[in-house]
Amino acid sequence: MLTHFFVMNRTDTLAKKLGCLYIEFPQYFVWSQKYRIWQPRKKCEIVRRILTVHPSEGDRYYLRMLLMHIRKPTSLKNLRTINGRVYATFKEAAEKLGLLSVNNNADTCMDEAILYQMPA
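Residues numbered from 1 in each chain as written. Predicted model: local features only at pLDDT ≥ 70, side-chain atom pairs only at ≥ 80, totals over all residues. Heavy atoms only, no water.

(A) Focus on the environment of Y62. Mapped onto the fold, Y62 is located in helix 3 (residues 59–67). Sequence separation between Y62 and A94 is 32 residues, and the spatial gap between their C-alpha atoms is 6.6 Å. Apart from residues lying up to four places away in sequence, Y62 is in contact with F90, K91, A94 and L100. (Helix = DSSP H or I, 4+ residues; strand = E, 2+ residues; numbered from the N terminus. Contact = heavy atoms within 4.5 Å.)

Below is the structure:
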């Protein structure tokens, strides 16, 4: 799904125009399990969710963080590119964007959990 999200941001006219974050993308497109592609959404009712990732998971955590802040990325390399410079890791890119300099990471995590977590 993520790889095809990047493809859509490179090739699809509507996706380019919208410039969505990964969490916003399902508002306009639906994942077809059968064809393994994103297709334009016909109904507007959605439940937005994105998997939670613990900070101890390293690059996977920083990848998620970047996906929540960078609009219409076109590749993993593009996510690591900040101001024209490609960083070696997602953590370095997140640091350069200033996403790690805030001391309220716990508050941000709780806010996201309230917004996106499905009840048990």
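Still to come is the rest of the account.
(B) Region of interest: the pattern of salt bridges. Counting across every chain of the model gives two salt bridges. Linking R71 and E24 is a salt bridge whose minimum nitrogen-to-oxygen distance equals 2.6 Å. One end of the pair, R71, is in the loop between helix 3 and helix 4 (76–79); the other, E24, is in the loop between helix 2 (13–18) and strand 1 (29–32), and 47 residues separate them in sequence. E24 gets classed as buried once you look at its relative accessible area, which sits at 18%. (Salt bridge = Lys/Arg side-chain N within 4 Å of Asp/Glu carboxyl O. Buried < 20%, exposed > 50% of the residue type's maximum accessible area, 1.4 Å probe, protein only.)

(C) Looking closely at the side chain of S32. Relative to the elements of secondary structure, S32 occurs in strand 1. Here S32 is in contact with I37 and Q39, once residues within four sequence places are set aside.

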